[in-house]
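Reading the structure
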Amino acid sequence: VCIFAVMMSLIAGIFSIMFTFFYGSTSEINQVIQSVSEFSQSPYNLNIWQLWILVTLLRMLGYITIICIATMVAVCFKMSVLPFAINVLLLVGGFSVSFYLEEISFSALGVIRDKYEVYQIFRKYTPFGIVLDGSGFFRVYEPVDIFGYPISTLTITCLINILLTCIVVAVGYKLYIS
């Protein structure tokens, strides 16, 4: 399961590097990410290649979480068609909602993004948001106020997805052995 997630994130990363080689220049790969206009407000002191590695690792975490959830659904329902249908619905539905909310946000010039908290929660904390917009966590510093302390959204998202993965693996294992 984890090998598949690693392969998926590496393949996506390799395609992004290939795109850079074919349509861009790799001479700027050691530049800081603030040199890219999209990341001009980023507080992180990273090179472009370091950003690529971190986004690939973040997407890997998202893929692992999604695959663990899909595996647990398959373990819960031992029939052959039902878990497949549930997993397809879960995966297609999750990615579709992510794309839809992202499209609404862009089409309304960010007004929807600030107006609807559901979008923020879905984009920031779910594995679908990590896979689709892994670089978005590095554009600006978005803190979450926890007991008066500002904690990075990136940190909270990673912790939530690691915790969700652990819970899903534990429940799935318990269901598998019973």
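Whatever comes next refers back to the structure up there.
For the structure given in this document, a descriptive report is provided here. (Residues numbered from 1 in each chain as written. Predicted model: local features only at pLDDT ≥ 70, side-chain atom pairs only at ≥ 80, totals over all residues. Heavy atoms only, no water.)

**Things to note about the overall build of the protein**
Heads up, the condition is: In this text, helices come from DSSP runs of H or I with a minimum length of four residues, and strands from runs of E with a minimum of two, each type numbered from the N-terminal end. Here's how the labels work: a residue is buried when its accessible area is under 20% of the maximum for its type, exposed when over 50%, partly exposed in between, all with a 1.4 Å probe on protein chains only. The contact criterion used is simple: two residues touch if any of their non-hydrogen atoms lie within 4.5 Å. Areas reported here follow the Shrake-Rupley algorithm with a probe of radius 1.4 Å; residue values treat only the protein chains shown as occluding.
Scanning the protein for helices and strands turns up seven helices and two strands. Starting at the N terminus and ending at the C terminus, the protein contains elements arranged as α-α-α-α-α-α-β-β-α. The 178 residues of the protein split such that 35% are buried. Look at the contacts in the protein between residues 6 or more apart in sequence, and 57% of them connect residues 24 or more apart. With the model as given, the accessible surface of the protein reaches about 11,200 Å², and the carbon-plus-sulfur share is 74%.

**Details of the pattern of salt bridges**
Pairing of side chains with opposite charge becomes possible as their charged atoms draw close. This is how the line gets drawn: In the sections that follow, a salt bridge refers to a side-chain nitrogen of Lys or Arg positioned within 4 Å of a carboxyl oxygen of Asp or Glu.
Scanning the entire structure with this criterion turns up one salt bridge. Residue Arg-139 is joined to Glu-38 by a salt bridge in which the shortest nitrogen-to-oxygen separation is 2.5 Å. Remark: Glu-38 occurs in the loop between helix H1 (2–23) and helix H2 (48–76) and Arg-139 occurs in the loop between helix H6 (127–132) and strand E1 (143–146); sequence separation between them is 101 residues. Judged by relative accessible area, Arg-139 falls into the partly exposed class, the value being 23%.

**Let's talk about a nonpolar patch on the surface**
Definition in use: For patch detection, residues must exceed 30% relative accessible area and be free of salt bridges, and they are connected within 9 Å for like charges or within 5 Å for nonpolar side chains (Val, Leu, Ile, Met, Phe, Trp, Tyr).
A surface patch of nonpolar side chains, amounting to about 550 Å² of accessible area, comprises Ile-3, Phe-4, Met-7, Ile-11 and Phe-15. Overall, the relative accessible area of 63% leaves Ile-3 in the exposed class.

**A short note on the side chain of Thr-56**
Its location among the elements puts Thr-56 in helix H2. In this structure Thr-56 touches Ser-9, Leu-10 and Gly-13, once residues within four positions along its chain are discounted.

**A few points about the packing of aromatic side chains**
Let me state the cut-off plainly: Two rings from Phe, Tyr or Trp (for Trp, the six-membered ring) form a pair when their centres sit within 6.5 Å of each other. Planes less than 30 degrees apart are called stacked, planes more than 60 degrees apart edge-to-face, and all others tilted.
Counted under the stated rule, the structure contains one aromatic pair. The interplanar angle of 70° and the centroid separation of 5.5 Å between the aromatic rings of Tyr-44 and Phe-138 together place this pair among those described as edge-to-face. Taken together, the positions of Tyr-44 in the loop between H1 and H2 and Phe-138 in the loop between H6 and E1 put the pair 94 residues apart, joining distant regions of the chain.

**Quick notes on the environment of Asn-45**
Along the chain, Asn-45 falls in the loop between H1 and H2. Along the chain, Asn-45 and Gln-34 lie eleven residues apart, while their C-alpha atoms are 8.4 Å from each other. Excluding residues within four positions of it along the chain, Asn-45 makes contact with Val-32 and Gln-50.

**Digging into the packing of H2 against helix H7 (residues 153–177)**
Selection rule: Every angle, taken between N-to-C directions, lies between 0 and 180 degrees, and every axis is a line fitted to C-alpha atoms, over only the stretch in contact when it is a helix. An angle below 35 degrees is treated as roughly parallel, one above 145 as roughly antiparallel, one from 65 to 115 as roughly perpendicular, and anything else as oblique. The handedness criterion is simple: a crossing whose near helix is rotated anticlockwise from the far helix by less than a right angle is left-handed, and one whose near helix is rotated clockwise is right-handed.
Look at H2 against H7: their axes get within 9 Å of each other, and the N-to-C directions meet at 25°. As summarised for this structure, H2 and H7 are arranged roughly parallel, according to the angle between their axes. Crossing of H2 over H7 shows left-handed handedness. Between H2 and H7, the contacting residues are Leu-58, Leu-61, Ile-64, Thr-65, Cys-68, Ile-69, Met-72, Val-75 and Cys-76 on the first element and Leu-154, Cys-158, Asn-161, Ile-162, Leu-164, Thr-165, Val-168, Val-169, Val-171, Gly-172, Leu-175 and Tyr-176 on the second.

**Some points on the pairing of strand E2 (residues 149–152)**
Each regular strand carries side chains that alternate between the two faces of the sheet. Heads up, the rule is: DSSP calls a pair of strands paired once it identifies at least 2 bridges connecting them.
Examined bridge by bridge, E1 and E2 share four bridges and lie antiparallel to one another. Pairing of Asp-145 across the sheet is with Pro-150, part of E2.

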